[in-house]
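A closer look at the structure
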Amino acid sequence: MKCTCSKDDLKNALQAVSRAVAEKPQTPVIAGIYLRAEGSTLEIQATDFSLEIIAKIPANTEIDGEIVVIGKKLTEISGKLSGEIVTITDEEEEAMATLKSDAAKYSLLTLNAEDFPKIRPQQDFTNSFKIRVAALKNLIRCSTFACARDKQAAPMFLGCSVNLSGSDITFVGTNTHRIAIAKDEILENEGDFQCIIPSKTLNDLSSMLDVKGNDKLVTVECSTKRAAFSFDNIFVTSRLIDGQFPPIEKVIPESSDTFATIEIAELREAITRVDVIARDSEYSTVKLNFTQEGLEISASANQVGNFIEHVDADVEGPDIEISLNVAYISDLMKIASEEKLKIGMTKPLAAIEIREIGNDNFIYIMTPVRTRN
């Protein structure tokens, strides 16, 4: 194999596909990245069987061929080359591949390309739709943060439930103690469906979409086992999670007795300050005391100290004090995009509902923490 391509094209493609390189491969070849040069295209693949990524970039091919190179090292090298053009050559007899750019030349050991499990872009997908990049990134941002992070959790909570009905799409993430619901609209739909996509896949996808124009379209396809995302020169496919996701209708509180409207910027700053103490307390707890005078935020940790701060809030209904995991509030502050939010509450230990004022497409629900005092 011998071909030349743009260094920047190669670097960007390798950064994308390297997300699918197996960290603990069952066989050595799965730790590699597959490259195939033919005609005017260099195709690059990586897979850990759960996640599969293909990138295609323009290339001038002198000799068609295919190679597999250790993925992490190849990706690292691509970011250090100095020239604008890279020449990739395969020395088959020596099981070596060379990457040459300007005066620099790397020689890397290759693996048997015939052993690499080639990815098939065309699969038996039964449903598909198109969505704008900006909308998909926002759905991921406003849902995956609430998913379980402990790999010992039930598998369905390690992913987001994706529900498509007509032109409406809903992403739901939960770890059973909190739930984030994000909604939007799609452009083209060829059939309603529901599936659970791993949150890691969605976050990796979002990172790849960061360099794309927000108005560009992503084609999403699903079967009973896999989901696929196609945009520009990238094709991503991921294994779906088996399991029955809990119905969100039963989680959203039917009504609230107390409502509090708060400036997000002011609350964000107060949560940053209380976190210093709250994270060292039992269950990482922060207390929120809502009264007609506003909101009092406090935390206490043995052998550390305590914190208290008043935050302006417009409170309607009976006074109420609730205790929450400070990390769960901090996560909300990171993704909130409007100026104000509204919190609905009923009892100290009943689930609370939070909505951004001006954003009807996002709901955040948290279960309060039971404290000793």
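Overview of the structure. Because the structure is a prediction, the values reported are computed rather than measured.

Below, the discussion takes up unusual backbone geometry. Here Ala-95, not a glycine, exhibits a phi torsion of approximately 55°, which is positive. When you line up the elements, Ala-95 lands in the loop between strand S7 (85-91) and strand S8 (96-101). Overall, Ala-95 belongs to the partly exposed group, its relative accessible area being 31%. Although it is not a glycine, Asp-102 adopts a positive phi angle of roughly 55°. Within the fold, Asp-102 resides in the loop between S8 and strand S9 (104-111).

Empty space left among the atoms is revealed by rolling a probe the size of a water molecule over them. Within this model, the largest pocket holds a volume of roughly 820 Å³. Lining the largest pocket are 25 residues, and of these Asp-48, Ser-50, Lys-151, Pro-198 and Lys-200 sit closest to its centre. Considering only residue class, the lining of the largest pocket consists of 11 nonpolar, four polar and 10 charged.

So, on to the pattern of salt bridges. This model, assessed by the stated rule, comprises 15 salt bridges. Of the charged contacts in the structure, one is a salt bridge between Glu-76 and Lys-73, with a shortest N-O distance of 3.7 Å. Taken together, the residues span about one helical turn, with Glu-76 and Lys-73 both in helix H2 (residues 71-78) at a distance of three residues. Overall, Glu-76 belongs to the partly exposed group, its relative accessible area being 42%. Linking Lys-334 and Asp-331 is a salt bridge whose minimum nitrogen-to-oxygen distance equals 4.0 Å.

Next up on the list: the sheet that holds strand S21 (residues 294-301). Pairing is antiparallel in the open sheet, where four strands are placed in the order S22-S21-S20-S24. The two strands at the open ends of the sheet, each matched to only one other strand, are strand S22 (305-311) and strand S24 (320-325). Going across the sheet, the axis of each strand differs from the next one's by a mean of 20°, ignoring polarity. Sheet topology note: the strand S20 (residues 285-291)/S24 ladder contains six bridges and is antiparallel.

A few words on the nonpolar core. The biggest cluster of nonpolar side chains holds 104 residues, and the ones touching the most others in it are Leu-42, Ile-88 and Phe-290. Per-element accounting of this core gives the leading share, seven residues, to helix H5 (residues 264-278). Apart from the residues lying within four places of it in its own chain, the contact partners of Phe-290 are Ala-260, Ile-262, Leu-295, Val-315, Asp-319, Ile-320, Ile-322, Ile-343 and Met-345. Core analysis: the next-biggest nonpolar cluster, separate from the first, contains 12 residues, Phe-157, Val-172, Ile-179 and Ile-181 among them.

On the basis of which strands lie adjacent, the open sheet formed by nine strands has the order S15-S11-S12-S13-S27-S26-S25-S19-S23 and antiparallel pairing. What marks the edges here is a single partner per strand, and that holds for strand S15 (193-198) and strand S23 (314-316). Between one strand axis and the next, the sheet turns through 15° on average, direction left out of account. Bridge analysis of strand S25 (residues 340-345) against strand S26 (residues 352-356) gives four bridges, and the strand direction is antiparallel. Counted as the bridge partner of Gly-344 is Glu-353 from S26. Sitting on the sheet, helix H4 (residues 199-209) touches strand S11 (159-165), strand S12 (168-174) and S15, and the angle it makes with S15 is about 80°. Packing of helix H6 (residues 326-335) onto the sheet brings it into contact with strand S13 (178-185), S25, S26 and strand S27 (362-366), and relative to S27 it is tilted by some 170°.

Under the criterion given, the structure shown has five aromatic pairs. Pairing Phe-145 with Tyr-364 gives two aromatic rings, centres 5.4 Å apart and planes at 50°, and the pair type is tilted. Linking Phe-145 in the loop between helix H3 (133-141) and S11 with Tyr-364 in strand S27, this pair joins segments that are 219 residues apart in sequence. Overall, the relative accessible area of 0% leaves Tyr-364 in the buried class. When the ring of Phe-362 is compared with that of Tyr-364, the centres are 6.4 Å apart and the planes differ by 20°; the resulting orientation is stacked. Accessibility classification places Phe-362 together with Tyr-364 in one group, the buried group. An aromatic cluster of three or more residues is present, and its members are Phe-145, Phe-362 and Tyr-364.

The next subject is the pairing of strand S6 (residues 65-70). Within a regular beta strand, the side chains point alternately toward one face of the sheet and then the other, so they alternate between its two faces. Alignment of strand S2 (residues 32-38) against S6, held across six bridges, turns out to be antiparallel. From the neighbouring strand, Arg-36 faces S6, where its bridge partner is Glu-66. Pairing of S6 with S9 involves two bridges; the strand directions are antiparallel. Across the sheet, Val-69 pairs through a bridge with Thr-110, a residue of S9.

Now for the packing of H3 against H4. Packing of H3 against H4 brings their axes to within 10 Å, and their N-to-C directions diverge by 145°. When you trace H3 past H4, the crossing you get is left-handed. Of the residues in H4, those in contact with Val-133, Leu-136, Lys-137 and Ile-140 of H3 are Leu-202, Asn-203, Leu-205, Ser-206 and Leu-209. Classifying every residue of the contact of H3 with H4 gives six nonpolar, two polar and one charged.

What counts and what doesn't
- All residue numbers here refer to positions counted from 1 along the written sequence of the relevant chain.
- This being a predicted model, a pLDDT of at least 70 is required before a residue's local features are given, and a value of 80 or more before pairs of side-chain atoms are given or counted; all residues contribute to the totals for chains, interfaces and linings.
- No hydrogens and no water enter the side-chain calculation; it runs on all heavy atoms of the structure.
- Elements are defined by DSSP. Helices are runs of H or I of four residues or more, strands are runs of E of two residues or more, and each kind is numbered from the N terminus.
- Throughout this description, buried means an accessible area under 20% of the type-specific maximum (1.4 Å probe, protein chains only), exposed means over 50%, and partly exposed covers the range between.
- Think of a 1 Å grid over just the protein atoms. A cavity is a set of points where a 1.4 Å probe fits yet cannot get out, a pocket is an open set with protein on both sides within 12 Å along at least five of seven lines, and lining residues have an atom within 4 Å of a point.
- Grid points are joined across faces, edges and corners, and a volume is the space filled by probe spheres set on the points.
- Residues were grouped as follows: Ala, Val, Leu, Ile, Met, Phe, Trp, Tyr, Cys and Pro as nonpolar; Asp, Glu, Lys and Arg as charged; and all remaining residues, including Gly, as polar.
- Within this document, salt bridges are pairs made up of a side-chain nitrogen of Lys or Arg and a carboxyl oxygen of Asp or Glu, the two lying within 4 Å of each other.
- Here, any two strands with at least 2 DSSP bridges between them count as paired.
- Axis definition: a line fit to C-alpha positions, over the contact stretch in the case of helices; interaxial angles, taken between N-to-C directions, run 0 to 180 degrees.
- Definition of nonpolar core: a set of buried residues of the types Ala, Val, Leu, Ile, Met, Phe, Trp, Tyr and Cys, connected through side-chain atoms within 4.5 Å.
- Only heavy atoms matter for contacts: two residues are in contact if any of them lie within 4.5 Å across the pair.
- Aromatic rings from Phe, Tyr and Trp, taking only the six-membered ring of Trp, are treated as a pair when their centres fall within 6.5 Å; an angle between ring planes under 30 degrees marks them as stacked, one over 60 as edge-to-face, and anything in between as tilted.
- Put simply, a crossing is left-handed when the front helix is turned counterclockwise from the back one by less than a right angle, and right-handed when it is turned clockwise.

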